[in-house]
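Take a look at the letters that make up each chain.
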Amino acid sequence: MKTNFYTAAVLIGGLLFTSCGSNKVSSYKKVGSKKVYTSSHNTKSNDTSDVYHSKNTDMTASRDINKIVKTAKSYLGTPYKYGGTTNTGFDCSGLVYVSFKELNLELPRKSSDQAGYGSEIKVENVKIGDLIFFNTSGNSISHVGIVESINNNGSINFIHSSTSKGVMISSLDENYWKTRFVKAVRLL
């Protein structure tokens, strides 16, 4: 019954997402037993009447977000592996890809591509389960993490796969991450 309710909510709402300041519209559709994220360009320049923004207020979304974070945390300590998407090793986008795939939500495989999905939000408005993106290469978005917790003082912790320590939890307050932060995105 819960699965039918969730499926109905997904189908009825359409759950279209948009990036702020962009005419790129992203959504996911059900393909067989999977939900696949897609994107297209909105030809209506300033008309967002067809765009629905996901709200993180219903209980289904909360359960889904907890499942995503729990999945990511189950890989803590897993070593870094470029292109990795298994418990033998993950890169940053591989960890995000696998964590969302647990809900049959299929994101693109690269962090720079993942950054084009969802609704961009201000960092002070992030919630658990949101994605945060970084420029660690000097060129463009090259790293992603999932917000794991927010402390009482507002400090944001995120789970990610680092090249030096593998899957771990870091703080956005760390100087390295603070200076390389690019944007935050909400998918659910």
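Structural data are supplied above this passage.
Once a new chain begins, its residue numbering starts again from 1 and follows that chain's sequence as written. The predicted origin of the model limits local features to residues at a pLDDT of at least 70 and limits the giving and counting of side-chain atom pairs to 80 or more, whereas totals for whole chains, interfaces and linings rest on all residues. Only hydrogens and water are set aside when side-chain values are computed; all heavy atoms of the structure are taken into account.

Caption draft 1: Focus on the packing of aromatic side chains. Any two of the Phe, Tyr and Trp rings considered here, Trp counted by its six-membered ring, make a pair once their centres fall within 6.5 Å; the pair's planes then place it as stacked at under 30 degrees, edge-to-face at over 60, or tilted in between. The tally for this structure, following the rule as stated, stands at six aromatic pairs. Centre to centre, the rings of Tyr 176 and Trp 177 are 4.8 Å apart; their planes meet at 90°, and the pair counts as edge-to-face. By way of ring pairs, the aromatic residues Phe 134, Phe 158, Tyr 176, Trp 177 and Phe 181 are connected into one cluster.

Caption draft 2: View of the pattern of salt bridges. Whenever Lys or Arg places a side-chain nitrogen within 4 Å of a carboxyl oxygen from Asp or Glu, that contact is recorded as a salt bridge. For the coordinates displayed, the defined rule picks out three salt bridges. A salt bridge links Glu 148 to Lys 73; the nearest nitrogen and oxygen atoms lie 3.1 Å apart. Here Glu 148, found in strand S9 (residues 143–150), pairs with Lys 73, found in helix H2 (residues 59–73); they are 75 residues apart in sequence, far enough to count as distant. A 1.4 Å probe rolled over the protein chains alone gives each residue an accessible area, and that area as a share of the maximum for its type sets the label: buried under 20%, exposed over 50%, partly exposed in between. The exposure class of Lys 73 is partly exposed, given its relative accessible area of 35%. When the shortest N-O distance is used, the salt bridge between Arg 109 and Asp 91 registers 2.9 Å. Numbered from the N terminus, helices here are DSSP runs of H or I no shorter than four residues, and strands are runs of E no shorter than two.

Caption draft 3: Quick look at the side chain of His 160. Of note, His 160 is situated in strand S10 (residues 156–162). A relative accessible area of 0% places His 160 in the buried class. Look past the residues within four positions of His 160 in its chain and what remains in contact with it is Leu 95, His 143, Val 144, Gly 145, Gly 166, Val 167, Met 168, Ser 170 and Trp 177. Two residues qualify as a contact provided that any one of their heavy atoms is within 4.5 Å of a heavy atom in the partner residue.

Caption draft 4: Representation of helix H3 (residues 92–101). Most of H3 sits out of view: nine of its ten residues are buried. Among the residues of H3, those classed as buried are Cys 92, Ser 93, Gly 94, Leu 95, Val 96, Tyr 97, Val 98, Ser 99 and Phe 100.

Caption draft 5: Region of interest: the pairing of strand S8 (residues 131–134). Residues Leu 131 and Phe 133 point to one face of S8 and Ile 132 and Phe 134 to the other, with burial holding for every one of them. For two strands to count as paired, DSSP must find a minimum of two bridges between them. Of the pairings in the sheet, the one linking S8 to S9 comprises four bridges and is antiparallel in character. Each residue of the ladder has a partner; that of Phe 134, found in S9, is His 143. Looking at chain direction, S8 and strand S12 (residues 181–186) are connected through four bridges and run antiparallel. Following the sheet pairing, Phe 134 is matched in S12 by Phe 181.

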